[in-house]
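Residues per chain, in single letters:
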Amino acid sequence: MPPTDPLPHPIPSPPRRRSAGPTPEQAGFGARFTAAAAIGSVLNPINSSIIAIALVSIGRAFGVDAGATTWLVSALYLATAIGQPTAGRLADLFGPRRVYLAGMALVALGGLVGFVGTSIGMLVVARVVLGLGTSAAYPAAMTMVRRQSERLARPAPGRVLNALAVAGQTTMAIGPPLGGLLIAVGGWRTMFLINIPLAAIAAGFAVLWLPADEPRRRTGSAARELDPPGLLLFAATLTSVLLFLMRPAASRWWLLALGLVAGSMLTRWESRAPSPFLDVRMVARNGALTRTYLRQAVAMASTYCFIYGWTMWLEQSAGRSASAAGLLMTPSFVVAAGVSAVVTGPGLRTPLLAGAGVLTVGSASLLLLRADSPLWLLIVVSVVFGLQNGLANTTNQRAMFRQAPAAATGTAAGLLRTFSYLGALASASLIGTTFGPRATDAGLHHLAMILTVMSVVLVAATALDPALRRGRGARGSGAEELHADGPDADGLGVGEPEAGEPGAETPPYARARRWAATRSRVAQRREQ
């Protein structure tokens, strides 16, 4: 993935047909562009959470046990974890709007397959298709925001990026009550069917309100650019690790060994591939981006431990009903969405430190809970975890947007979601280890101690992160750092080594080199 710097002047838009959507200048970063880019991103969290309330009904309909129905959850997680960076790579190569629309077509197909499904296996296939389809929206949307910023030669407003974070936060909470309503109206099959109109709405908004992709400039065959061997090795590595995390046991160690072998082959192949699916050299060189991925994984592992572990404890130990447990989760999601909407400043270090600090407080507060804890204390704990969730998700997303190479924004955004799902699956292992067959006060306190230690480590790692300590906390020239009158404030090009790393240049020389290269590209494009 060769680095591509943002351009200092707007790129002239080619003539467009009316069916191609608005020009970049007409779309700008207005409400329609934001809504069209964000609406598709709600489908993945909705499908992730909506199925939880239907597992019992589906198991009863097909006469299968809980072990079989849980594959409806795991199948979507696996497909999404692999599909997000794959869709991002496709968006980088073939255009984000094209990939976005193709993803919506898959969502509609998955909804139809699930609606007419006649076996549990057919429903699992439908969930895989839904996972792949919904995976396209987020990385494609991030790529569209990046390219729109380059076209207009101005930073992407924080509200646009926050809209993507808010969409993921709020719709996760909508899933269970929406599922309950749909089951009451038309049975569990309607939870698959609802994807068809939602996908149609998202596709319609994209056609009407998003600028068409530029004609693709081929640098080789499509297969060579996509790197199928790298994609397959990446899928094998991730699938092996995820399957182990779903049910960690000594008898399944061979899955980790298989993942290690596949990962070694992936590293070897991608380090030599002319157009790698996963540019391991860039990832190794871009320490700031790698640390952002790890921060997101730890933060989301803690968040999902709270979402699933705390609600399980509320029902099994505190004696709350399922509906009451769901209502107690509502303050967390509302606060997370609100924080995501208002955290728009340029800084990264302060909100990340604040989020890690609040996570430490929230994790330690779980030690105060007992089966007879008062309602007000439960609400406070819910609010605290919502606060850290909003801070971590939004700020890590902005950090990724700044630190990723501009030409690989889609792949980088997809990997951010993949690390989120790694954290989610790791949380399932932690909950199973600490709770055992039933959630108790002792199990919750054991989980709380582990989360507190993780949070303290996260605070220290964030405070000592050299990229975050350098002024504005960015090492690349993401669209938020773009200025029309010169290169980014850090003076480092996208994908370049950090200061102190091999091959790094001093900022003044890096700035001059980048500026000369940018001017040359602008002149070449204008001549064309």
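What you see is a predicted model, and the numbers here were worked out from it, not measured in a lab.

### Looking at the overall build of the protein chain
Regarding its fold elements, the protein chain presents 24 helices and zero strands. A burial count over the protein chain gives 54% of its 528 residues as buried. Taking the contacts inside the protein chain whose residues are at least 6 apart along the sequence as the reference set, 81% of them involve residues at least 24 apart.

### Focus on the pattern of salt bridges
Summed over all chains, the structure comprises four salt bridges. Where Asp213 meets Arg98, a salt bridge forms, and the shortest distance between an N and an O atom there is 3.8 Å. Within this pair, whereas Asp213 is found in the loop between helix 12 (195–209) and helix 13 (222–226), its partner Arg98 is found in helix 7 (residues 96–115), the two being separated by 115 residues in sequence. Arg291 is the partner of Asp465 in a salt bridge, and the nearest nitrogen-oxygen pair spans 3.0 Å. Within this pair, whereas Asp465 is found in the loop between helix 22 (441–464) and helix 23 (466–469), its partner Arg291 is found in helix 17 (residues 287–316), the two being separated by 174 residues in sequence. Assessed through its relative accessible area of 3%, Asp465 is described here as buried. Overall, Arg291 belongs to the partly exposed group, its relative accessible area being 26%. When salt bridges that share partners are traced, they join Arg291, Arg295 and Asp465 into one network.

### Points about the environment of Met282
For Met282, the location among the structural elements is in helix 16 (residues 280–285). Overall, Met282 belongs to the buried group, its relative accessible area being 5%. Along the primary structure Met282 and Pro405 are separated by 123 residues, whereas in three dimensions their C-alpha atoms are 8.7 Å apart.

### Notes on the packing of helix 2 (residues 31–39) against helix 12
The geometry of helix 2 relative to helix 12 is characterised by a closest axis approach of 9 Å and an angle of 145° between their N-to-C directions. Read as a crossing pair, helix 2 and helix 12 show a hand that is left-handed. Every residue of helix 12 that contacts helix 2 at Arg32, Phe33, Ala36 and Ile39 is listed here: Ile201, Ala202, Phe205, Ala206 and Trp209. When grouped by side-chain class, the residues that make up the contact of helix 2 with helix 12 number eight nonpolar, no polar and one charged.

### What to know about the nonpolar core
Counting residues in hydrophobic clusters, the biggest one holds 104 residues, and the most contacted among them are Met104, Trp310, Trp313, Leu369 and Met400. The leading source of residues in this core is helix 17, at 10 residues.

### As for the side chain of Ser48
In this fold, Ser48 is placed in helix 3 (residues 43–50). Its relative accessible area of 12% is what places Ser48 among the buried residues. In this structure the side chain of Ser48 is engaged in a polar contact, spanning 2.8 Å, whose partner is the backbone oxygen of Asn44. In this structure, Ser48 is in contact with Leu76, Tyr77, Arg127 and Tyr421, ignoring residues within four places of it in sequence.

### Examining a nonpolar patch on the surface
A grouping of Leu106, Leu109, Val128 and Leu132 is seen on the molecular surface, where their side chains present a nonpolar patch of about 290 Å² in accessible area. Of all the elements in the fold, those that place two or more residues in the nonpolar patch are helix 7 and helix 8 (120–135). Relative to the assigned elements, Leu106 resides in helix 7.

### As for the packing of helix 7 against helix 9 (residues 137–152)
Contact geometry of helix 7 with helix 9 gives a least axis separation of 8 Å together with a crossing angle of 160°. Classed by the angle they form, the pair helix 7 and helix 9 counts as roughly antiparallel. Once helix 7 is placed against helix 9, the crossing between them reads as left-handed. Touching Pro96, Arg97, Tyr100 and Met104 of helix 7 are Ala137, Ala140, Thr143, Met144 and Arg147, all from helix 9. Here the contact of helix 7 with helix 9 is composed, by residue class, of six nonpolar, one polar and two charged.

### Quick notes on unusual backbone geometry
At Ala153, a position not held by glycine, the phi torsion is positive, near 55°. Along the chain, the position of Ala153 falls in the loop between helix 9 and helix 10 (158–186).

### Some words on the packing of aromatic side chains
For the coordinates displayed, the defined rule picks out nine aromatic pairs. Here Trp188 and Phe192 contribute two aromatic rings whose centre-to-centre distance is 6.3 Å and whose plane-to-plane angle is 80°, an arrangement assigned as edge-to-face. Taken individually, Trp188 and Phe192 each receive the classification buried, so the pair is uniform in this respect. Here the aromatic residues Phe62, Trp188 and Phe192 are joined through ring pairs into a cluster of three or more. For the cation-ring pair, Arg146 lies above Phe401, with the distance from its terminal atom to the ring centre recorded as 4.5 Å. A cation sits over an aromatic face here: Arg417 above Tyr138, 3.8 Å from the ring centre.

### Concerning the environment of Ala206
Turning to its location among the elements, Ala206 is positioned in helix 12. Measuring from C-alpha to C-alpha, the distance between Ala206 and Ala38 comes to 9.9 Å, with 168 residues separating the pair along the chain. Leaving out residues up to four positions away in the same chain, Ala206 has contacts with Ala36, Arg97, Tyr100 and Leu101.

### Things to note about helix 6 (residues 71–94)
Given a rise of 1.5 Å per residue, 24 residues ought to cover 34 Å, and the 32 Å separating the end C-alpha atoms of helix 6 matches this to within 8%. At Gly83, helix 6 shows its strongest bend, of approximately 35°, with the proline Pro85 following within four residues. The buried fraction of helix 6 is high, at 20 of 24 residues. Once helix 6 ends, the next one or two residues include Gly95, with phi positive near 110°.

### Some words on the confidence of the model for the protein chain
Mean pLDDT over the protein chain: 80, with 81% of residues reaching 70 or higher. Least confident of the elements in the protein chain is helix 24 (residues 507–527), whose mean pLDDT is 45; most confident is helix 7, at 96. Every residue in residues 471–516 is under pLDDT 50, and counting partners more than four places away or in other chains gives 123 contacts.

### Focus: helix 4 (residues 55–62)
Residues of helix 4 that are buried: Leu55, Ile58 and Gly59. The buried residues of helix 4 all sit within an arc of 100° when viewed along its axis, so they share a single face. Across helix 4 from its buried face, at more than 90 degrees, point the exposed residues Val56, Arg60 and Ala61.

About the criteria used
- Residues numbered from 1 in each chain as written.
- Predicted model: local features only at pLDDT ≥ 70, side-chain atom pairs only at ≥ 80, totals over all residues.
- Heavy atoms only, no water.
- Helix = DSSP H or I, 4+ residues; strand = E, 2+ residues; numbered from the N terminus.
- Buried < 20%, exposed > 50% of the residue type's maximum accessible area, 1.4 Å probe, protein only.
- Contact = heavy atoms within 4.5 Å.
- Salt bridge = Lys/Arg side-chain N within 4 Å of Asp/Glu carboxyl O.
- Axes fitted to C-alpha atoms, helices over the stretch in contact; angles between N-to-C directions.
- Left-handed = near helix turned anticlockwise from the far one by under 90°.
- Nonpolar A, V, L, I, M, F, W, Y, C, P; charged D, E, K, R; others polar.
- Core = buried A, V, L, I, M, F, W, Y, C linked by side-chain atoms within 4.5 Å.
- Polar contact = N/O pair within 3.5 Å; in protein donor to acceptor, adjacent residues only side chain to side chain.
- Patch = residues over 30% accessible without salt bridge, like charges linked within 9 Å, V, L, I, M, F, W, Y side chains within 5 Å.
- Areas by Shrake-Rupley, 256 points an atom, 1.4 Å probe, with all protein chains shown as cover.
- Parallel < 35°, antiparallel > 145°, perpendicular 65-115°, else oblique.
- Phe/Tyr/Trp six-rings, centres within 6.5 Å; stacked < 30°, edge-to-face > 60°.
- Lys NZ or Arg CZ within 6 Å of the ring centre and 35° of its normal.
- Expected span 1.5 Å × (residues − 1).
- Bend = angle between axes of the 7 residues up to and from the residue.
- pLDDT = per-residue confidence, 0-100.
- Arc of directions from axis to C-beta.

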